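Okay, here's what each chain looks like letter by letter:
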Amino acid sequence: MRKFGITLLSICLFISVASAQRKVLDKIVAVVGTSIILKSDIEIAYTNYLAGGAPANPDIKCQIAVNLISQKLLAAQAIIDSIDVKEDEVDNEVDRRWRGMVQRAGGEDKVEAFLGRPALQYKEEIRPDVKELLTAERMRSKITEKINTTPKDVENFFKRIPSDSIPTINKEVEVGEIEIDPKLNKDEKAFYKQKAEDLLARVKKGEDFATLATAYSQDGSAQLGGDLGFNDRAGFVKEFSAMAFKLKTGEISPVFETEYGFHFLQVIERRGEQVHVRHILIIPKITEESVDRAKLKADTVYDILHKVAKMSDDVFSSGAAYYSDNRDTKFNGGMLLNPDNVQVRTTLIPTDRLDPQIALVIDTMKVGEISKPQLILDNSGKKTYKIYYLRSVINAHKANMAQDFPRIKEAASQAKISKTMSEWFEKKRKETYIKIDPEYQSCPQLIGWATPVTTAQVNQ
């Protein structure tokens, strides 16, 4: 329910079905140490690239080849360094990929028909590729884990950028929100709880859990018969986790409530600190009466804040912590994070990346003001009331250390990581036997990668 010198693109997307669709041993396009890369690996990866909506670009095949060779080098070093990935981690990643494919395709049967094999067979076929990928990622993390970017590094990085190449930063804003969600009262919830109870009774009488989940459960797992795969305690919301981890294998829970609605679950398997469960979820529908109650509360919160002599970050932060229903922002001073740079946790958001509904509201606001409650609809049509706070506005400008230090630091850090990985690959490729088919030796990214062939070898 809930990036390396030679660019490592989304290998996980590229290779996810390579093994599963390979039917015969075909042309070897590269040998890396004792590992091989087949032409079908690259062709299928390119097909998946196109299937993702990307424009046709045969040059991408060169990058795919680089990615796969890089992955082989990393995975080989991981074995030397005794870096391993646990089987349950592989299971989780395999299950995550399968669920994603099913959701995108619109059903497990459609995926199986496309692959020409059942889910279990497909999962077993992709396990080696998935494990190698996870191992390579862990090796990369080890190589770069001690990289540290100091303020002096950032300053030197910025000074090396030619003046005519310094980027222009678009207009950015910092926006806070207090979200008031419509909530059903006990009587309004009763119908939906009873619906879940009725389904539970049918399961207990012998009806197939997966069939009922497919027919009635109201989340993405319905297409998988309610199967959520393996997760640890952090993989579920608190109430769900508490229920899942107190049951034994095979046991079915009573109906219980979480922020998502009413559930009951069955434990399929326990494995250490992970549990494999399936569930059925019934989501209560918001009533107009609950929307009216949310509006009344939002108006009250606005009146309380509006009466403050001077709005400040501290005042709004306290209001968000006390009143807001958005768990992602209420303990962050109510501030929204840049969705394109969540890892850095920057609250500066380019105006062209703002939700149009928010942009429309703050367009007429002054810095330090709060908006009246706004009825907002999300992509699913869910209604909620939000009060916005415009904390700051930074107009479009040439990047500079004073205003853009976090962004420049991130670029400097990525440059150090890229340099470190490039140096690692340069060293490792000289130590490893690499043979590349002539078809790919012309790739600009692979020039110099193949192990030189001696005169003696040619004569042989």
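Residues numbered from 1 in each chain as written. Predicted model: local features only at pLDDT ≥ 70, side-chain atom pairs only at ≥ 80, totals over all residues. Heavy atoms only, no water.

## What to know about the overall build of the chain
- Scanning the chain for helices and strands turns up 17 helices and 13 strands.
- Taking the principal axes of the C-alpha coordinates as reference, the chain spans close to 85 × 70 × 40 Å.
- When burial is assessed residue by residue, the chain has 44% of its 460 residues classed as buried.
- By element, 53% of the accessible surface of the chain is carried by carbon and sulfur atoms, the whole surface being about 25,000 Å².
- Averaging the positions of the 67 positive and the 66 negative side-chain charges in the chain gives two centres separated by 2 Å. (Helix = DSSP H or I, 4+ residues; strand = E, 2+ residues; numbered from the N terminus. Buried < 20%, exposed > 50% of the residue type's maximum accessible area, 1.4 Å probe, protein only. Areas by Shrake-Rupley, 256 points an atom, 1.4 Å probe, with all protein chains shown as cover. Lys, Arg positive; Asp, Glu negative; His and termini not counted. Charge placed at Lys NZ, Arg CZ, Asp CG, Glu CD.)

## Section: the packing of helix H7 (residues 119-144) against helix H15 (residues 401-431)
- Running from N to C, H7 and H15 cross one another at 110°; their axes reach a closest spacing of 10 Å. Between H7 and H15, the angle is such that the two are roughly perpendicular. Pair H7 / H15 crosses with right-handed handedness. Together, Arg140, Ile143 and Thr144 of H7 and Ile417, Thr420, Met421 and Trp424 of H15 make up the contact between the two elements.
- A per-class count over the contact of H7 with H15 returns four nonpolar, two polar and one charged. (Axes fitted to C-alpha atoms, helices over the stretch in contact; angles between N-to-C directions. Parallel < 35°, antiparallel > 145°, perpendicular 65-115°, else oblique. Left-handed = near helix turned anticlockwise from the far one by under 90°. Contact = heavy atoms within 4.5 Å. Nonpolar A, V, L, I, M, F, W, Y, C, P; charged D, E, K, R; others polar.)

## Considering the pairing of strand S8 (residues 274-282)
- Taking burial as the measure, the nine residues of S8 include eight buried ones, the bulk of the element.
- When strand S5 (residues 227-231) meets S8, the two strands line up antiparallel, connected through three bridges. Bridge pairing in S8 places Phe230 opposite His276.
- Summarising the sheet, strand S7 (residues 261-271) and S8 pair through nine bridges and their orientation is antiparallel. Within the sheet, the bridge partner assigned to Leu265 lies in S8 and is His279.
- With antiparallel pairing between neighbouring strands as the criterion, S7 and S8 make up a hairpin whose turn holds two residues, including Gly272 at a positive phi of roughly 60°. (Pairing = 2+ DSSP bridges.)

## Quick word on the pattern of salt bridges
- A complete count under the given rule lists 39 salt bridges for this structure.
- Note that Glu257 is salt-bridged to Lys189, the shortest N-O span being 2.8 Å. Within this pair, whereas Glu257 is found in strand S6 (residues 256-258), its partner Lys189 is found in helix H9 (residues 186-204), the two being separated by 68 residues in sequence.
- Judged by relative accessible area, which is 36%, Glu257 ranks as partly exposed.
- Close ionic contact of Glu288 with Lys383 constitutes a salt bridge, the shortest N to O distance being 3.2 Å. Of the two residues, Glu288 is situated in helix H12 (residues 288-306) and Lys383 in strand S11 (residues 383-394); the sequence distance between them amounts to 95 residues.
- Exposure remark for Glu288: the relative accessible area of 46% places this residue in the partly exposed category.
- Connected via shared salt-bridge partners are Asp84, Glu87, Asp91, Arg127, Lys131, Glu269 and Arg271. (Salt bridge = Lys/Arg side-chain N within 4 Å of Asp/Glu carboxyl O.)

## Let's talk about the nonpolar core
- Counting residues in hydrophobic clusters, the biggest one holds 32 residues, and the most contacted among them are Ile69 and Leu446.
- Sorting the residues of this core by element identifies strand S1 (28-32), helix H3 (39-51), helix H4 (60-80), H7, H15 and strand S13 (434-436) as the ones contributing at least two each.
- When sequence neighbours within four positions are dropped, the list of residues in contact with Leu446 reads Ala65, Val66, Ile69, Ile436 and Tyr440.
- Core analysis: the next-biggest nonpolar cluster, separate from the first, contains 15 residues, Ile180, Val291, Ala320 and Ile370 among them. (Core = buried A, V, L, I, M, F, W, Y, C linked by side-chain atoms within 4.5 Å.)

## Notes on the environment of Arg407
- Tracing the backbone shows Arg407 in helix H15.
- Along the sequence, Arg407 and Val361 sit 46 residues apart, while their C-alpha atoms lie 27 Å from each other.
- Apart from the residues lying within four places of it in its own chain, the contact partners of Arg407 are Ile169 and Glu172.
- Within polar-contact distance, the side chain of Arg407 engages the side chain of Glu172 at 2.2 Å. (Polar contact = N/O pair within 3.5 Å; in protein donor to acceptor, adjacent residues only side chain to side chain.)

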